[in-house]
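Notes for the structure review
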Amino acid sequence: MALDDVLATGPYSLSHDDKQQLLVEHLNRLTQHHAEQCDPYRRILQAYGKDKQVWDRVEDVPFLPISLFKEFALKSIPDDAVVKTLTSSGTTGQKVSRIFLDKETSRYQTKALAAIMQDFIGGKRLPMLILDTQNVIKDRRLFSARGAGILGLSNFGRDHLYVLDNDMQLRADELKEFLATHRDTDILLFGFTFMVWKHFYQEIKRLGLDIDLARGVLIHSGGWKKLTDEAVDNASFKKALNHLCGLERIHNFYGMVEQIGSIYMEGDTGCFQTPIFSDIIIRDPIDWSVLPAGREGIIELVSILPHSYPGHVLLTEDLGRVIGEDDSPDGRQGKYFEVLGRVPKAEIRGCSDTYAEEVSEGAV
Amino acid sequence: MENTEKLRQVFAESLEIDKNKVVDSLEYNSIPEWDSVAHMSLVAAIDSAFDIMLDTDDVIDMSSFGEAKKILAKYDVEF
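Since this is a predicted model, take the numbers as computed values, not measurements.

1. Focus: the overall build of chain A
A count of helical and extended segments in chain A gives ten helices and 15 strands. On C-alpha atoms alone, chain A measures out to a radius of gyration of 20 Å, which is about the 21 Å that the 2.2 N^0.38 rule sets for 364 residues. Principal-axis analysis of the C-alpha atoms gives chain A an extent of 60 × 45 × 40 Å. Taken across its 364 residues, chain A has 48% of its residues classed as buried.

2. Details of the overall build of chain B
Counting its regular elements, chain B contains four helices and zero strands. For chain B, the succession of helices and strands along the chain, N to C, is α-α-α-α. Over its C-alpha atoms chain B spans a radius of gyration of 11 Å, differing by no more than 12% from the 12 Å that the globule rule assigns to 79 residues. In terms of overall dimensions, chain B has a C-alpha envelope of 30 × 25 × 20 Å along the principal axes. The buried share of chain B, reckoned over its 79 residues, is 25%. In chain B, 55% of the contacts between residues at least 6 apart in sequence involve partners at least 24 apart.

3. Description of the packing of helix α8 (residues 193-207) of chain A against helix α9 (residues 234-245) of chain A
Residue and element names in this part refer to chain A. Put simply, α8 and α9 touch, their axes get as near as 10 Å, and they point 40° apart. In this view, α8 runs oblique relative to α9, as classed from their interaxial angle. Of the two possible hands of crossing, α8 and α9 adopt the one that is left-handed. Contact residues: α8 offers Trp197, Tyr201, Ile204 and Lys205, while α9 offers Phe237, Ala240, Leu241, Leu244 and Cys245. Among the residues forming the contact of α8 with α9, the class breakdown is eight nonpolar, no polar and one charged.

4. Things to note about the confidence of the model for chain B
Per-chain confidence: chain B averages 94 in pLDDT, with 99% of residues scoring 70 or above. Taken over the whole predicted complex, pTM reads 0.89, whereas the ipTM for its chain interfaces reads 0.89.

5. Brief notes about the environment of phenylalanine 69 of chain A
Residue and element names in this part refer to chain A. Looking at the secondary structure, you find phenylalanine 69 in helix α4 (residues 68-71). According to the C-beta neighbour criterion, phenylalanine 69 is buried, with 26 such atoms within 10 Å. With 78 residues separating them in the primary sequence, phenylalanine 69 and glycine 147 have C-alpha atoms 19 Å apart.

6. As for the interface of chain B and chain A
With 13 residues of chain B at the contact, the number on the chain A side is 17 residues. For the side of chain B that touches chain A, the elements supplying multiple residues, two or more each, are α2 (36-50) and α3 (56-61) of chain B. For the side of chain B that touches chain A, the per-class residue count stands at six nonpolar, three polar and four charged.

7. Some details on unusual backbone geometry
The residue tryptophan 288 of chain A is not glycine, and still its phi comes out positive at about 65°. Despite not being glycine, aspartate 51 of chain B has its phi angle at roughly 55°, a positive value. One can find aspartate 51 of chain B in the loop between α2 and α3. Take aspartate 51 of chain B: there are 8 C-beta atoms within 10 Å of it, and that puts it in the exposed class.

8. Concerning the nonpolar core
If you look at soluble globular proteins, the nonpolar side chains tend to sit buried side by side. Membership of the largest hydrophobic core comes to 95 residues, with the highest contact counts inside it found for Leu27, Leu131 and Phe190 of chain A. Here the element with the most residues in this core is helix α5 (residues 103-121) of chain A; it accounts for seven residues. Apart from the residues lying within four places of it in its own chain, the contact partners of leucine 131 of chain A are Val163, Leu189, Phe190, Gly191, Met195, Val196 and Phe200 of chain A. In terms of nonpolar packing, the next biggest core, distinct from the first, is built from 15 residues, Leu7, Phe11, Leu15 and Leu72 of chain B among them.

9. Details of helix α6 (residues 145-154) of chain A
Counting buried positions over the ten residues of α6 of chain A gives nine, a clear majority of the element. All buried positions along α6 of chain A are accounted for by Ala145, Arg146, Gly147, Ala148, Gly149, Ile150, Gly152, Leu153 and Ser154 of chain A.

10. Quick notes on the environment of tyrosine 254 of chain A
Residues and elements named next belong to chain A. Structurally, tyrosine 254 is set in strand β9 (residues 249-254). By the C-beta count within 10 Å, which is 23 here, tyrosine 254 ends up buried. As a C-alpha pair, tyrosine 254 and glutamate 266 span twelve residues in sequence and 8.2 Å in three-dimensional space. Among residues more than four places away in sequence, those in contact with tyrosine 254 are Ser221, Tyr264, Phe272 and Val339.

11. Quick look at the packing of helix α1 (residues 2-15) of chain B against helix α4 (residues 65-73) of chain B
Residues and elements named next belong to chain B. In the contact formed by α1 and α4, the axes pass within 11 Å of each other and the chain directions differ by 125°. Relative to α4, α1 is oriented oblique. Crossing of α1 against α4: the hand is right-handed. Where α1 approaches α4, its residues Thr4, Leu7 and Phe11 are matched on the opposing element by Phe65, Ala68, Lys69 and Leu72. Split by residue class, the contact of α1 with α4 holds five nonpolar, one polar and one charged.

Criteria and cut-off values
Residues numbered from 1 in each chain as written. Chains lettered and ligands numbered in written order. Predicted model: local features only at pLDDT ≥ 70, side-chain atom pairs only at ≥ 80, totals over all residues. Helix = DSSP H or I, 4+ residues; strand = E, 2+ residues; numbered from the N terminus. Rg over C-alpha atoms; globule rule 2.2 N^0.38 Å. Buried ≥ 20, exposed ≤ 12 C-beta atoms within 10 Å, placed from the backbone. Contact = placed C-beta atoms within 7 Å. Axes fitted to C-alpha atoms, helices over the stretch in contact; angles between N-to-C directions. Parallel < 35°, antiparallel > 145°, perpendicular 65-115°, else oblique. Left-handed = near helix turned anticlockwise from the far one by under 90°. Nonpolar A, V, L, I, M, F, W, Y, C, P; charged D, E, K, R; others polar. pLDDT = per-residue confidence, 0-100. Core = buried A, V, L, I, M, F, W, Y, C linked by C-beta atoms within 7 Å.

As structure tokens, then:
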């Protein structure tokens, strides 16, 4: 099936055998393409004795450690075809990943994200609250992970309101006015987990505002690391927001700038659901073997979207475990998994973490 | 014809470019002025000018001025 057809297929419509067959076909195609177009990638494959370009199973296709994107400018397109360069967030002195996108890859990513989002919120754009400051999208040439995330999600909204001002203060009056204007419709909320908690939830609570979000759908991402001190996890986060503003539909998602577009949304299982254009493999950190469902290991992510850079098979620095496959109660097919934190000693990285360290360390 | 002019005007104003640059072949991401940030303002301006609400798929598929006309035709805007 051609990639355009895959993108037009329901994102959770394939079960194990069909999905693996689809993925391996595309991963082989991409491995060949990148080996031809990206010299460092070919040399890495050769160095590891993995320069064969056709593999039988998804798990056989060689993975690249995600940190390579910080060390090298890996791309499989000529310089003049680059339309966008994404960077992971990083503090001063820390190396950031650079991901080079051409028009085609950018379009695939947008389409994939749309397919996933529409499966959760439908095809109509909803009035949208962005739980962040507009400052993050000011630098238009070089998008940070945070800015790229916001812009990517903005396609699903209309009448966008950035809920925080330039000083990260809640724009309470604008928020109330927005909710009054849109009280008869579902609304979309998007923000990074840490920001949602610190600058939205806690501020509403502190100010004693009466905010009704019963018709809201909150999509958030970024991880729990900065919230562990407060003992906030997914369950307590949802419960707190539900109590305070009546918010019932809350979906966390997992994803990374190195494979933007193919995000993993939290489904009814409370776990992250893999869509048909990507998959998760859990590896044993000692011998790199594939671990079965239930066993904790290092997360490898595959995606069939990256054409402009060799990021189709990546070994992340995160730990996780697969919980199940093809049997989610919401009917969504594919593996679902949980993320259990960072691999020890991995460089600390993450949008909300970076924000916290740069802007308000000690103040929060 | 009238709507083509109107749409050109919306494009020129939202993207802050000269109106004579707004031709069918003008593509998203082909000029610095039409990036993903500007795309949001453009979509909002189109919604408001033609009193419609573009669906998500159409926002995403609106990759050129020519394509925009085709998309708007689905919302009963005649060109």
